[in-house]
Amino acid sequence: MLSDTHTHLYAEELKPDREGVIKRALESGVDRFFLPNIDLESIAMMKDLRDEYPDNCFMMMGLHPCSVDTDYVNTLKIIEKELSSDIYYAIGEMGLDYYWSKDHIKEQEEAFLIQGRWAHDLDLPLVIHSRDSFEPACVLIEKLASENKKVRGVFHCFGGSLEEANRAIDLGFMLGIGGVLTFKKSTLRDVLTHVDIEHLVLETDSPYLAPVPYRGKRNESSYIKLIAQELAYSKGLSLEEVARITSENASKLFRTNA
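Small disclaimer: the values here were computed from a predicted structure and weren't measured.

A few words now on the environment of phenylalanine 58. You can see phenylalanine 58 is positioned in strand β3 (residues 57–59). Sequence spacing of phenylalanine 58 and alanine 90 is 32 residues, and the spatial spacing of their C-alpha atoms is 9.1 Å. Excluding residues within four positions of it along the chain, phenylalanine 58 makes contact with Arg32, Phe33, Phe34, Leu35, Tyr89 and Thr256.

What follows is the structure, given as structure tokens:
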């Protein structure tokens, strides 16, 4: 069985066919879906989906960096309250995004530190979005450690160098491997030949970032099998071994029983 450790199944893009998307994923052997929160509006949609599929959907709670604005403190107060009202398996999706906008970098960094402190205090992993911001994210993780707030988690949608992979691992983080691994010009295949599979989890980020041969189209969780097959080829393992090991890694990361 496979685990999709990062999928926005509640997203509007999947609404017309959500039941079919989940059915196809389950039939493909994907039995666990870890749902990252984005902002205040996504909370209700995520919880509705969890209530419909309680044995398969595992929720996270956090504020996406692209949702951080000048009112982020009040937004985080609501999210912090939500964390104590239900069962969540991670703080996320949170992090830094210097690609789409640099208007609120200071606020993004402050929101990162606040959520990082929650992760430490609640003993939950961080699910980090770090687009064009890997180095600043690592610096903030080190800052948390200097406050005796050492955190663990996963760098979502990892596509960096071997040096960056090793740095993330040394900081106590796993690497979330998605559709980028299947792209023709991706250097990630070469990087992962030097990374032990015990540090990897699989994700789709659906409905975004679909793997080949669906690149550019709507992504869905059933496609994680394509990512697993590519990783199996890169590591010289069977698909069954990759599914087992990465699912065990997901259980360790999110501390689920299954």
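From this point on, the discussion continues.
Right, let's talk about the sheet that holds strand β5 (residues 126–131) for a bit. With parallel pairing, the 5 strands of this open sheet are ordered in space as β4-β5-β6-β7-β8. Bordering the open sheet on either side are β4 (91–97) and β8 (200–202), each of which pairs with just one other strand. On average, each strand axis in the sheet is inclined to that of its neighbour by 30°, with strand direction left out of account. Bridge count for strand β6 (residues 153–155) against strand β7 (residues 173–177) is 3 bridges, and the pairing is parallel. Residue pairing across strands places phenylalanine 155 opposite leucine 175, the latter belonging to β7. Together, β4 and β5 form the strand contacts of helix α4 (residues 105–122), whose direction differs from that of β4 by roughly 150°.

This paragraph deals with the sheet that holds strand β2 (residues 30–35). Taking strand neighbours across the sheet as the criterion, the 3 strands line up as β1-β2-β3 in an open arrangement whose pairing is parallel. Of all the strands in the sheet, the pair left with one neighbour each is β1 (2–4) and β3. Put simply, the sheet's adjacent strands are angled 20° from each other on average, direction ignored. Relative to β2, β1 is paired through 3 bridges, and the arrangement is parallel. When the bridges of β2 are listed, serine 3 appears paired with arginine 32. Contacting β1 and β2, helix α8 (residues 224–235) runs over the sheet at an angle of about 115° to β1.

Generally speaking, a soluble globular protein has its nonpolar side chains buried in company with each other. Of all hydrophobic cores here, the largest spans 69 residues; its most connected members are Phe112, Phe155, Phe173, Leu175, Ile177 and Leu202. The biggest single contributor to this core is helix α5 (residues 134–146), with 6 residues.

In contact at an axis separation of 11 Å, helix α3 (residues 72–83) and α4 are set at 20° when each is read in the N-to-C sense. Relative to α4, the element α3 lies roughly parallel. Our pair here, α3 against α4, has a crossing hand that is right-handed. Facing Tyr72, Leu76, Ile79, Glu80 and Leu83 of α3, the residues of α4 in contact are Glu107, Glu110, Ala111, Ile114, Gln115, Trp118 and Leu122. Each residue belonging to the contact of α3 with α4 can be placed in one class, and the counts come to 8 nonpolar, 1 polar and 3 charged.

A few words now on the side chain of aspartate 97. Following the sequence through the fold, aspartate 97 ends up in strand β4. No salt bridge is formed by the buried aspartate 97. Its closest oppositely charged neighbour is arginine 131, at 5.3 Å. Within the local environment of aspartate 97, its side chain forms a polar contact with the backbone nitrogen of tryptophan 100, the two atoms lying 3.1 Å apart. Those residues in contact with aspartate 97 that sit more than four places away from it in its chain are Pro65, Cys66, Gln108, His129, Arg131 and Ser133.

Here we take up unusual backbone geometry. Between glycine 92 and glutamate 93 the backbone carries a cis peptide bond, its omega angle lying at 10°. When you line up the elements, glutamate 93 lands in strand β4. Positioned with a positive phi, asparagine 148 is a non-glycine residue whose angle comes to about 65°. Residue position: asparagine 148 is located in the loop between α5 and β6.

Checked against the element boundaries, arginine 50 lands in helix α2 (residues 42–52). Filtering out sequence-adjacent residues up to four positions away, arginine 50 remains in contact with Cys57, Met59 and Asp86.

So, on to the pattern of salt bridges. All chains considered together, the criterion is met by 18 salt bridges. Where aspartate 17 meets arginine 24, a salt bridge forms, and the shortest distance between an N and an O atom there is 2.6 Å. The class of aspartate 17 is partly exposed, set by a relative accessible area of 27%. We note a salt bridge from aspartate 123 to arginine 255, for which the minimum N-O separation is 2.5 Å.

What counts and what doesn't
Residues numbered from 1 in each chain as written. Predicted model: local features only at pLDDT ≥ 70, side-chain atom pairs only at ≥ 80, totals over all residues. Heavy atoms only, no water. Helix = DSSP H or I, 4+ residues; strand = E, 2+ residues; numbered from the N terminus. Contact = heavy atoms within 4.5 Å. Pairing = 2+ DSSP bridges. Axes fitted to C-alpha atoms, helices over the stretch in contact; angles between N-to-C directions. Core = buried A, V, L, I, M, F, W, Y, C linked by side-chain atoms within 4.5 Å. Buried < 20%, exposed > 50% of the residue type's maximum accessible area, 1.4 Å probe, protein only. Parallel < 35°, antiparallel > 145°, perpendicular 65-115°, else oblique. Left-handed = near helix turned anticlockwise from the far one by under 90°. Nonpolar A, V, L, I, M, F, W, Y, C, P; charged D, E, K, R; others polar. Lys, Arg positive; Asp, Glu negative; His and termini not counted. Salt bridge = Lys/Arg side-chain N within 4 Å of Asp/Glu carboxyl O. Polar contact = N/O pair within 3.5 Å; in protein donor to acceptor, adjacent residues only side chain to side chain.

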